[in-house]
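Coordinate analysis (summary)
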Amino acid sequence: MRFLLDPEQRAFGDSLNAMLAAADTPSVIRDWSRGEHARGRALWSRIAEADVFGLAVPEAYEGLGPRPVELAVAFVELGRHAVPGPLVETVTAAVLLAGLPDPGPAKRLLPALASGEAMATLAWTAPYALDGDVATTRLALTAQGLRLSPGHGPVRPSLDPARRLTPLEPGGELLGPAPATALAYARLTTAAQALGVGQALLDKTVAHVRQRTQFGVSIGSFQAVKHRLADVRIGLEFARPLLFGAALTMAPADVAAAKVTACEAAYAAARTALQSHGAIGYTAEYDLSLWLTKARALRTAWGAPDACRADVLGAPTLSGDRRW
């Protein structure tokens, strides 16, 4: 089966790509990692003006969604340019709030998320949330249900400089039971980000091996290098239809398959990029490192590979059997 985007969806992705290409995201990420959020907030506002966050917010709350296919298109581009901030968390928070039995919190909080006036973060079965110091809506999943956290603890660095960790303060307003559909949206948008990261790493590596020479020729002409890059390309191309197929069905097993496949493809792209760049690939000052660390961080975000594989293998088929 072929999953082809329509002209409007392709134009949406192209417009985001053009906007983000002009944003100098490596400089934005480095500012963000130091706690300097001005440029990141400005970029966030431009992303919101393109209605990216509105795609997760129902029309009843001043959004355009839910539109998972368009969300996947957008998050591929956000990953391609390694945009910092709690992007997945804001989308997931929107899905959580929209699915609460009591519409009061959604009416109060969702319009600001759709417009980009607010960022959201989320502690989901983990002690830390991303960027709790800059997020204005902080949600925590507890044994009692979903709570609106009153604040955050000290900021801690993480592997990915664009993903800063903060514990959330306990207590706060109890909003209600967390809808089960939120995890699927978190995994879908993480998978889309990973696909974009992998594509960026492949593009950067191809450009590098064409320029770097050894024995008087470009290393891109070596058969071993060609084969490694071809394997990366195949992995990314295999992940793409799984991603958009999952966006059409939003079945948990389909989303888990897309997540593990896209993240593993991006991780393979990172390993190949690091090897092909040689010693410079290990240098934090070199922009490639921003994509390398993000590929590794996304691999375990919202479900490590083993957890996603278990969700795929344990899902029942239409006949009622298990997928083995």
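Residues numbered from 1 in each chain as written. Predicted model: local features only at pLDDT ≥ 70, side-chain atom pairs only at ≥ 80, totals over all residues. Heavy atoms only, no water.

Focus: the sheet that holds strand β1 (residues 120-123)
For sheets, the rule is that strands pair by backbone hydrogen bonds, running either parallel or antiparallel. Taken together, the 4 strands give an open sheet; going across it, the order is β1-β3-β4-β6, and neighbouring strands pair in mixed fashion. In this open sheet, the two strands that pair with only one neighbour each are β1 and β6 (173-176). Sheet twist, expressed as the mean angle between neighbouring strand axes with direction ignored, is 30°. In this sheet, strand β4 (residues 145-148) lies alongside strand β3 (residues 137-142) in antiparallel orientation, the contact comprising 4 bridges. Within β4, the residue paired with L141 across the bridge is L146. Each of β1, β3, β4 and β6 touches helix α5 (residues 87-98); the most contacted strand, β1, lies at about 80° to it. Contacts from helix α6 (residues 104-115) reach β1, β3, β4 and β6, with the element oriented near 90° to β6. (Pairing = 2+ DSSP bridges. Helix = DSSP H or I, 4+ residues; strand = E, 2+ residues; numbered from the N terminus. Axes fitted to C-alpha atoms, helices over the stretch in contact; angles between N-to-C directions. Contact = heavy atoms within 4.5 Å.)

Side note on the packing of helix α1 (residues 7-21) against helix α4 (residues 68-80)
Two elements in contact, α1 and α4, have axes whose closest approach is 9 Å; the angle formed by their N-to-C orientations is 25°. By the angle between their axes, α1 is roughly parallel relative to α4. The two elements α1 and α4 cross, and the hand of that crossing is right-handed. Facing α1, whose interface residues are Q9, F12, G13, L16, N17 and L20, α4 presents V69, E70, V73, A74, E77, L78 and R80. Residues belonging to the contact of α1 with α4 are distributed by class as follows: 7 nonpolar, 3 polar and 3 charged. (Parallel < 35°, antiparallel > 145°, perpendicular 65-115°, else oblique. Left-handed = near helix turned anticlockwise from the far one by under 90°. Nonpolar A, V, L, I, M, F, W, Y, C, P; charged D, E, K, R; others polar.)

Thoughts on the packing of aromatic side chains
Scanning the model with the defined rule gives 2 aromatic pairs in all. The interplanar angle of 20° and the centroid separation of 4.6 Å between the aromatic rings of W44 and F53 together place this pair among those described as stacked. Here the two residues W44 and F53 agree in accessibility, since each one is buried. Residue placement shows K204 over the ring face of W291; its charged tip is 4.1 Å from the ring centre. One cation-aromatic arrangement involves R299 over Y267; the distance from NZ or CZ to the ring centre is 4.3 Å. (Phe/Tyr/Trp six-rings, centres within 6.5 Å; stacked < 30°, edge-to-face > 60°. Buried < 20%, exposed > 50% of the residue type's maximum accessible area, 1.4 Å probe, protein only. Lys NZ or Arg CZ within 6 Å of the ring centre and 35° of its normal.)

With respect to unusual backbone geometry
Peptide bonds are trans in most cases, and residues, glycine excluded, mostly fall at negative phi. With omega at 5°, the peptide bond leading from G65 into P66 counts as cis. As for its placement among the helices and strands, P66 is situated in the loop between α3 (38-49) and α4. Unusually for a residue other than glycine, D51 sits at a positive phi of about 70°. If you trace the backbone, D51 turns up in the loop between α3 and α4. A positive phi angle, near 55°, is found at M250, a position not held by glycine. Structurally, M250 can be placed in the loop between α8 (223-249) and α9 (252-277). For M250, a relative accessible area of 17% gives the class buried.

Concerning the side chain of T190
Its location among the elements puts T190 in helix α7 (residues 182-211). Among the polar contacts made by the side chain of T190, one reaches the main-chain carbonyl oxygen of A186 at a distance of 2.7 Å. Once residues lying within four places of it in the same chain are set aside, the contact partners of T190 are V88, K259, C263, L298, A301 and W302. (Polar contact = N/O pair within 3.5 Å; in protein donor to acceptor, adjacent residues only side chain to side chain.)

Notes on the nonpolar core
One finds F75, L139, L201 and L243 to be the most contacted residues of the largest nonpolar core, which totals 95 residues. The biggest single contributor to this core is α7, with 14 residues. When near neighbours in sequence (up to four residues on either side) are disregarded, F75 contacts V52, L87, V88, V91, T189, A192 and Q193. (Core = buried A, V, L, I, M, F, W, Y, C linked by side-chain atoms within 4.5 Å.)

Section: the pattern of salt bridges
Oppositely charged side chains may form a pair once their charged atoms are brought near each other. Considering all chains together, one arrives at 15 salt bridges under this definition. Across the pair E70 and R67 runs a salt bridge whose closest N-O atoms are separated by 3.5 Å. The partner of K294 in a salt bridge is D160, and the shortest N-O contact between them spans 2.9 Å. Within this pair, whereas K294 is found in helix α10 (residues 288-300), its partner D160 is found in the loop between β4 and β5 (165-167), the two being separated by 134 residues in sequence. A single burial state applies to K294 and to D160, both of which are buried. Through salt bridges with shared partners, a single ionic network connects D24, D31, R34, E36 and R39. (Salt bridge = Lys/Arg side-chain N within 4 Å of Asp/Glu carboxyl O.)

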